[in-house]
Amino acid sequence: MSIKNIIGVEIMDYVCNECKRKYAPYEFPYICKCGGMLNLDKANTLFSINNIIKDEWSIFRYLKVLPFHMKSNLWQSVTMGEGLTSLVALDRKDPNILVKMDYMMPTLSFKDRGAAVLIAKAKEFGAKKLVQDSSGNAGNSVAAYANRVGIDCHIYVPEDTSPKKITMIQSHGANVHIIPGTRADTAKAALNAANEDGVFYASHVYNPYFYEGTKTYVYEIYEQLQGEMVDTLIIPVGNGTLLLGAYYGIKELYELGLIEKLPRIIGVQSENCSPIYKAFKEGKTQVEEIVARKTQAEGIAIALPKRGDQILEAIRETDGDVILAPEDKILDAQRDLARKGFYVETTTASTFAAFNKFYKNHKSLGKVILPLTGAGLKSS
Ligand SMILES: [Zn+2]
């Protein structure tokens with residue numbers, strides 16, 4: 001009997017980004033045999049402002065554009081009311097600059113958008129055990145959602161991970177595996193564990209369902225602005241977890257004829273770790289690994305983003321750009337945001353450090369939205 005018959009929902013295949021080979025998701029593949037990243041082989045979605053489920057107060061109010069069958073209700077045991085975050089002016093003096101308060105989430109970061117969808121799918125596929133490697137917000141979020149629905153959760157972290165973060169992950173009931181060596185050694189240990197039979201790799205980088213969750217970021221904007229879209233989205237980018245979700249979301253709105261043009265996506269990187277910036281400015285279509293220096297924007301410090309080609313496509317297709325966060329301005333930006341009422345972590349502050357510098361010479365960005373991706377309590 002196929003999984004489809006057991007749980008009565010539609011299963012989308014994974015399709016390789018490189019060679020287009022297809023895989024059934026209930027076999028838990030996380031990468032193509034050719035080494036390519038997996039995307040979803042998606043059917044067209046039907047969506048309009050009229051078929052939002054208005055009495056569902058979570059990201060699942062957009063069920064019609066999420067990869068779930070209408071009759072599937074497994075997500076109901078997963079959701080903690082994530083999403084529906086406020087969209088407000090950064091400062092009343094400039095109504096064109098809005099912030100979306102994505103740190104107002106069950107685990108205090110935007111990652112809950114992706115984790116809620118990914119864990120609901122893992123449950124649907126019958127996963128009993130999952131692994132993930134992250135010492136930051138994604139690990140925290142996956143641990144919370146996985147344990148909520150009784151999936152045995154194993155999070156791999158590098159040995160220099162702060163005890164505070166380890167405690168947060170463990171407090172949800174997850175097993176934390178502390179791996180000696182570098183961040184790459186941790187990734188390798190997680191991949192080894194993911195290769196065991198019956199283990200689901202709940203990676204926010206590899207698994208395309210995560211991006212299905214983060215695309216709700218733009219559906220909410222669309223709904224909050226009553227069917228309008230802004231001109232520019234400023235988005236911090238390391239692995240592209242939010243940037244790619246936002247890109248797929250605006251593309252769907254555009255292809256459905258709901259918005260007239262794609263907003264520009266401007267990615268923000270740390271000046272100490274900027275492989276995407278480098279590839280973009282050099283006109284390349286692939287991102288090459290760089291040697292990263294230490295940065296306070298730790299959430300986006302990724303020396304080799306696995307979906308670099310997709311990130312570059314998103315920026316180019318939207319006539320976007322990549323800008324850099326000056327390291328010596330990040331703490332100032334964090335303090336300035338707190339003075340305006342928003343206490344955010346340093347990775348979020350780096351987005352504003354980059355934007356403040358860029359905006360001085362680019363006042364014609366139109367209406368702009370910046371995300372507040374993580375709460376200050378997490379990094380202090
Ligand atoms: Zn392939």
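Computed from a prediction, not measured in an experiment: that's the story for all the values here.

Rules used throughout
Residues numbered from 1 in each chain as written. Predicted model: local features only at pLDDT ≥ 70, side-chain atom pairs only at ≥ 80, totals over all residues. Heavy atoms only, no water. Helix = DSSP H or I, 4+ residues; strand = E, 2+ residues; numbered from the N terminus. Rg over C-alpha atoms; globule rule 2.2 N^0.38 Å. Buried < 20%, exposed > 50% of the residue type's maximum accessible area, 1.4 Å probe, protein only. Contact = heavy atoms within 4.5 Å. Areas by Shrake-Rupley, 256 points an atom, 1.4 Å probe, with all protein chains shown as cover. Lys, Arg positive; Asp, Glu negative; His and termini not counted. Charge placed at Lys NZ, Arg CZ, Asp CG, Glu CD. Pairing = 2+ DSSP bridges. Right-handed = clockwise from strand over helix to strand, strands pointing away. Salt bridge = Lys/Arg side-chain N within 4 Å of Asp/Glu carboxyl O. 1 Å grid on protein atoms, 1.4 Å probe; cavity = no way out; pocket = protein on both sides within 12 Å on 5 of 7 lines; lining within 4 Å. Points joined across faces, edges and corners; volume = space filled by probe spheres on them. Nonpolar A, V, L, I, M, F, W, Y, C, P; charged D, E, K, R; others polar. Donors = N, O, S within 2.8 Å, 3.2 Å for Na, K, Ca; no water. pLDDT = per-residue confidence, 0-100. Axes fitted to C-alpha atoms, helices over the stretch in contact; angles between N-to-C directions.

(A) Representation of the overall build of the chain in the model. What the chain contains, in helices and strands, is 13 helices and 13 strands. Compactness check: the chain gives a C-alpha radius of gyration of 19 Å against a globular reference of 21 Å for 380 residues, within 12% of the reference. With the C-alpha coordinates aligned to their principal axes, the bounding extent of the chain is approximately 60 × 50 × 40 Å. Out of the 380 residues belonging to the chain, those deemed buried represent 57%. For the chain, the proportion of contacts with a sequence separation of at least 24, taken over those separated by at least 6, is 68%. As displayed, the chain offers around 16000 Å² of accessible surface, 49% of which is attributable to carbon and sulfur atoms. If you average the places of the 45 positive and of the 43 negative side-chain charges in the chain, the two averages end up 2 Å apart.

(B) Spotlight on the pairing of strand β7 (residues 152-158). Counting buried residues in β7 gives six out of seven residues, a clear majority hidden from the surface. Taken together, the five bridges between strand β6 (residues 129-133) and β7 define a ladder with parallel strand orientation. The partner of L130 across the bridge, within β7, is C153. Taken together, β6, helix α4 (residues 137-148) and β7 form a β-α-β motif whose crossover is right-handed. In terms of strand pairing, β7 meets strand β8 (residues 175-179) through five bridges, oriented parallel. The residue bridging V157 from the neighbouring strand is I178, located in β8. Viewed along the sheet, the connection from β7 through helix α5 (residues 163-171) into β8 turns out right-handed.

(C) Just the side chain of D309, in detail. In this structure, D309 sits in helix α11 (residues 308-317). Of the side chains with opposite charge, R307 comes closest to the buried, unpaired D309, at an N-O distance of 7.2 Å. Those residues in contact with D309 that sit more than four places away from it in its chain are N17, E18, T285 and Q286.

(D) Local environment of the side chain of E220. Within the secondary structure, E220 sits in helix α8 (residues 216-224). Classification of E220 by relative accessible area gives buried; the value is 1%. Residues contacting E220, with those up to four places away along its chain left out, are I59, Y62, G83, L84, T85, K100 and R113.

(E) Just the layout of surface pockets, in detail. In this structure, the second largest pocket occupies an estimated 580 Å³ of space. Lining of the second largest pocket is provided by 20 residues; of these, L40, K42, Y248, K251 and E252 occupy positions nearest its centre. Of all the secondary structure elements, the ones that give two or more residues to the lining of the second largest pocket are β3 (38-40), α7 (209-214), α9 (241-255) and α11. With five residues, the single largest contributor to the lining of the second largest pocket is α9. Its residues assigned to classes, the lining of the second largest pocket comprises seven nonpolar, five polar and eight charged.

(F) Quick look at the coordination of the zinc ion. Surrounding the zinc ion are the protein donor atoms C16 (SG), C19 (SG), C32 (SG) and C34 (SG), which sit 2.2 to 2.3 Å from the metal. Look at where the donors of the zinc ion fall in the sequence and you get C-x2-C-x12-C-x1-C. The class of C32 is buried, set by a relative accessible area of 3%.

(G) Spotlight on the pattern of salt bridges. What the rule picks out here adds up to 17 salt bridges. Among the ionic pairs, K100 bridges to E220, the shortest N-O distance being 2.7 Å. Of this pair, K100 sits in strand β5 (residues 97-100) while E220 is found in helix α8, placing the two residues 120 residues apart along the sequence. Residue classification places K100 among the buried positions, given a relative accessible area of 0%. Across the salt bridge formed by R335 and D332, the nearest N and O atoms sit 4.0 Å from each other. Of this pair, R335 and D332 both sit in helix α12 (residues 330-339), three residues apart, which is roughly one turn of the helix. The class of R335 is partly exposed, set by a relative accessible area of 40%. Among the residues examined, D332 registers a relative accessible area of 34% and is labelled partly exposed.

(H) Representation of the confidence of the model for the chain. Mean pLDDT over the chain: 93, with 96% of residues reaching 70 or higher. In this model residues 1-9 is a low-confidence stretch, pLDDT under 50, and it forms 14 contacts with partners more than four residues away in sequence or in other chains.

(I) Looking closely at the sheet that holds strand β4 (residues 87-89). Taken together, six strands build an open sheet; the order of strands is β4-β5-β13-β10-β11-β12 and the sheet is mixed. Looking at the sheet topology across the chains shown, the edges are occupied by β4 and β12 (321-325). Each adjacent strand pair in this sheet contributes to an overall mean axis angle of 30°, direction not counted. Note that strand β11 (residues 264-270) and β12 share five bridges and pair parallel. Bridge pairing in β12 links I266 to D321. Across the sheet, helix α13 (residues 346-361) lies against β5, β10 (232-236), β11, β12 and β13 (368-371), angled at about 110° from β12, the strand it touches most.

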